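# Descriptive analysis of the structure
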Amino acid sequence: MRILYVHSTVQPPPTDMQTDRFWLLSSVLEGDVLQPVWFRTAEELESVFGPGSWPVHTVGRFRYHWFLSPSRGVRARLATFWFYLRKGLELHRQQPFDCIVAYSHMTTGLLAGLLKMLTGARLVIEIATSPHLVYITERARPRLRERVMKLYSDLCLHLSMMAADRAHLLYPDLFVPYPRLRRMPASVFHEFVPVSTIDRNDQREQHERYVLMVGAPWYLKGADVLVKAFLALAPEFPDVKLKILGHYPDRAELDLLIAGSAQVEILAARPHPEALKVISGAVVLVLPSRCEGLGRVLLEGMAAAVPVIGSDVGGIPVLVRDGENGFLIPVEDIRALTARLRELLQDPGLRSRMGAAGYARAHGDLNEKAYVREFARMVEAAVEGTGPTRPRSENAAL
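What counts and how
Residues numbered from 1 in each chain as written. Predicted model: local features only at pLDDT ≥ 70, side-chain atom pairs only at ≥ 80, totals over all residues. Heavy atoms only, no water. Helix = DSSP H or I, 4+ residues; strand = E, 2+ residues; numbered from the N terminus. Rg over C-alpha atoms; globule rule 2.2 N^0.38 Å. Buried < 20%, exposed > 50% of the residue type's maximum accessible area, 1.4 Å probe, protein only. Pairing = 2+ DSSP bridges. Axes fitted to C-alpha atoms, helices over the stretch in contact; angles between N-to-C directions. Core = buried A, V, L, I, M, F, W, Y, C linked by side-chain atoms within 4.5 Å. Parallel < 35°, antiparallel > 145°, perpendicular 65-115°, else oblique. Left-handed = near helix turned anticlockwise from the far one by under 90°. Contact = heavy atoms within 4.5 Å. Nonpolar A, V, L, I, M, F, W, Y, C, P; charged D, E, K, R; others polar. Polar contact = N/O pair within 3.5 Å; in protein donor to acceptor, adjacent residues only side chain to side chain. Phe/Tyr/Trp six-rings, centres within 6.5 Å; stacked < 30°, edge-to-face > 60°. Lys NZ or Arg CZ within 6 Å of the ring centre and 35° of its normal. Patch = residues over 30% accessible without salt bridge, like charges linked within 9 Å, V, L, I, M, F, W, Y side chains within 5 Å. Areas by Shrake-Rupley, 256 points an atom, 1.4 Å probe, with all protein chains shown as cover. Salt bridge = Lys/Arg side-chain N within 4 Å of Asp/Glu carboxyl O.

So, about the overall build of the protein. Across its full length, the protein carries 13 helices and 14 strands. Since a compact globule built from 398 residues should have a radius of gyration of about 21 Å, the 21 Å found for the protein is in line with a globular shape. Based on the C-alpha atoms only, the size of the protein along its principal axes is roughly 65 × 50 × 45 Å. In the protein, which comprises 398 residues, the share counted as buried stands at 56%.

Quick look at the structure:
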C-alpha cells in the first residue's frame, strides 16, 4: 500500500537509516513524507543529509519532501499549510495514495482531512498527546491563551475525527473524556523508538550515580515535583545527583526550587544520540508528567535497562508496570515519588531486577518490528474499512 505521511514537527528525521522509521516501514509500505524542517537553506540541509538530498530525500521506499521553515509566526504557519495541500495534491496526481496519515489532530489533521476530500484516499489521524490535558497543564495557572488553545484543540479533535477513517491512539482510554468519540475506530500501539540501537550500560553503578528526568516544558513534565521529592531525600544519598535534561528558557522558578543545591544539575538540551547516552547512564529515570501521550523517554530508558518511575497519566501506565519494571505514582504526589525514589536508591538488587524487566519488554513487545507490524495493520484496517482493534485493557494495549 502507498501512503502520504503529513508531519507536523520541524525537527529533521535521523540521518542514520537504522533509526528512521520510514526505512523500516519500507518492508511493508511505500509512499511520501511531507516534512517541514528548521533549516534555512537547501545548502544547510544538504550539509546534514548529503549532496542531492534537496528537495527530495529517499529512504527505502519513502521520499521526504522538505519544506524549509526556519521562522515562526502566522505567515510561516500558513506557508507550511499551503505546502501540505499543494505538494500533497501534486504527489497524488503523480501516483495516487491509498491512505493519508497525519501526525497531530490539530490544524495538520484538519488539512489532512481536506486532502482526503480532494484525493479520495483514506485517512488516519495520530494523536500524540492526552487531548483533555493539553495546554492547560503547561503552567500552574493557565492563562486565557492556554484555555483558548485547549478549546481549539478539542474542536480540531472532533473535526479531524469526523474526517478520519481511523485513529492511532497511544493508550486505550484516550477517548474516554470525549463521549462522542468513543466509538471511533482506533488502533492502539506505541510510538516508534529504535530500541535495538540503544546501548545498555551495565557499568552505570560503578560511575557517577544520578537520577534523570528528560523533557520540556518543565512544568508540564513535572520537574518541580521531582526536584522537591529529590531534595527531601538528598541528604540520605550524598553521592547521588539529580540531572534534568531539556530546553528551559523559563527556568527561573525551577532555579528557585533547586536553591543552589550541589546535587541538582540542569543540563542543556542536546542532540538525541547524546541524550540517549545520558539516559543509559542513569540509575533511575523519572517522568512525573502532568500531561503525557506515552512518554517515549521511558521506553528509551527501559531499552537501556534503566528502572523507571512515571506518573499515572495518559499512556505512561501502559509502559510502566507498577512493581515490575518501575513504579507508578499519582500526578503531583511528592510524597509518593520521594518514597519510591528512596526504595530504588537504597536497593541495587531492585534496580537491577526492574531494569532487566523493562529491557526485556522494550526489546520484545515494544521493539521496531512490533511497531512496523502494528502500523501496517492500522493502514490496512483504514483502507479496508475494518472495525476497531482497540484492546479492552491496558495490559492488552501493547
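Before going further, it helps to examine the sheet that holds strand β4 (residues 62-68). Spatially, eight strands are ordered β3-β4-β2-β1-β5-β6-β7-β8 in an open sheet, and the strand pairing comes out mixed. The two strands at the open ends of the sheet, each matched to only one other strand, are β3 (56-59) and β8 (186-188). Averaged over all neighbouring strand pairs, the angle between strand axes comes to 20°, with direction disregarded. Strand direction decides the pairing type here: strand β7 (residues 166-169) and β8, joined by three bridges, are parallel. Considered in β8, the bridge of H168 is made with S187.

Here we take up the nonpolar core. M161, F175 and L212 are the most contacted members of the largest nonpolar core, which totals 67 residues. If you look at the next biggest cluster of nonpolar residues, it comprises 33 residues, including I244, I258, L350 and M354.

In this model, W54 is joined to P55 through a cis peptide bond whose omega is 5°. Tracing the backbone through its elements, the reader meets P55 in the loop between α2 (42-49) and β3. For the bond from A216 to P217, the omega torsion is 0°, close enough to zero to count as cis. Looking at the secondary structure, you find P217 in the loop between β9 (209-214) and α6 (223-233). One non-glycine residue, S104, lies in the positive phi region at around 120°. S104 gets classed as buried once you look at its relative accessible area, which sits at 14%. At A305, a residue that is not glycine, the phi angle is positive and equals roughly 65°. Using a relative accessible area of 6% as the deciding quantity, one classes A305 as buried.

Okay, the packing of α6 against helix α11 (residues 334-345) next. Interaxial distance between α6 and α11 falls to 9 Å at its minimum, and their mutual angle equals 55°. Here α11 runs oblique to α6, going by the angle between their axes. Read as a crossing pair, α6 and α11 show a hand that is right-handed. Residue-level contacts link V225, L226, K228, A229, A232 and L233 of α6 to I334, L337, T338, L341, R342 and L345 of α11. A class-by-class count of the residues in the contact of α6 with α11 yields nine nonpolar, one polar and two charged.

Okay, the side chain of R351 next. Here R351 shows up in helix α12 (residues 348-362). Here L344 takes part through its backbone oxygen, which lies 2.7 Å from a polar atom of the side chain of R351. Leave out the neighbours within four places in its chain, and R351 touches E205, R209, V283, V284, P307, L344, L345 and Q346.

For the structure shown, the criterion picks out 13 aromatic pairs. Relative to F49, the ring of F39 has its centre 6.4 Å away and its plane inclined at 90°; by these criteria the two rings are edge-to-face. Here F49 lies in helix α2 and F39 lies in the loop between β2 (30-37) and α2, a separation of ten residues in the sequence. Overall, F39 belongs to the buried group, its relative accessible area being 5%. Ring plane angle 65° and centroid distance 5.7 Å describe the contact between F189 and Y371, whose orientation is recorded as edge-to-face. Placement of the pair is F189 in the loop between β8 and β9 and Y371 in helix α13 (residues 368-384), with a sequence separation of 182 residues. Take F189 and Y371: they sit in the same class, and that class is buried. A network of ring pairs unites the aromatic residues Y5, F22, F39, F49, F62, Y64 and W66 as a single cluster. Lying over the aromatic face of Y359, R200 brings its terminal NZ or CZ to 4.5 Å of the ring centre. Across the ring face of Y219, the terminal group of R290 is positioned such that the distance to the ring centre comes to 3.7 Å.

Before going further, it helps to examine a nonpolar patch on the surface. Together, Y152, L155, L159 and M162 make up an exposed nonpolar region whose accessible area comes to about 400 Å². You can see L159 is positioned in helix α5 (residues 144-163). Residue L159 is classed as partly exposed on the basis of its relative accessible area of 39%.

This paragraph deals with the packing of helix α9 (residues 296-303) against α12. Contact geometry of α9 with α12 gives a least axis separation of 7 Å together with a crossing angle of 110°. Viewed along their axes, α9 and α12 adopt a mutual orientation that is roughly perpendicular. When α9 is examined against α12, the residues L299, M302 and A303 are found in contact with a partner set consisting of G355, G358, Y359, R361 and A362. Broken down by class, the residue content of the contact of α9 with α12 amounts to five nonpolar, two polar and one charged.

Here we take up the environment of L181. Residue position: L181 is located in the loop between β7 and β8. Its relative accessible area of 7% is what places L181 among the buried residues. Residues L181 and M161, spaced 20 residues apart in sequence, show a C-alpha to C-alpha distance of 7.6 Å. Leaving out residues up to four positions away in the same chain, L181 has contacts with L157, H158, M161 and F175.

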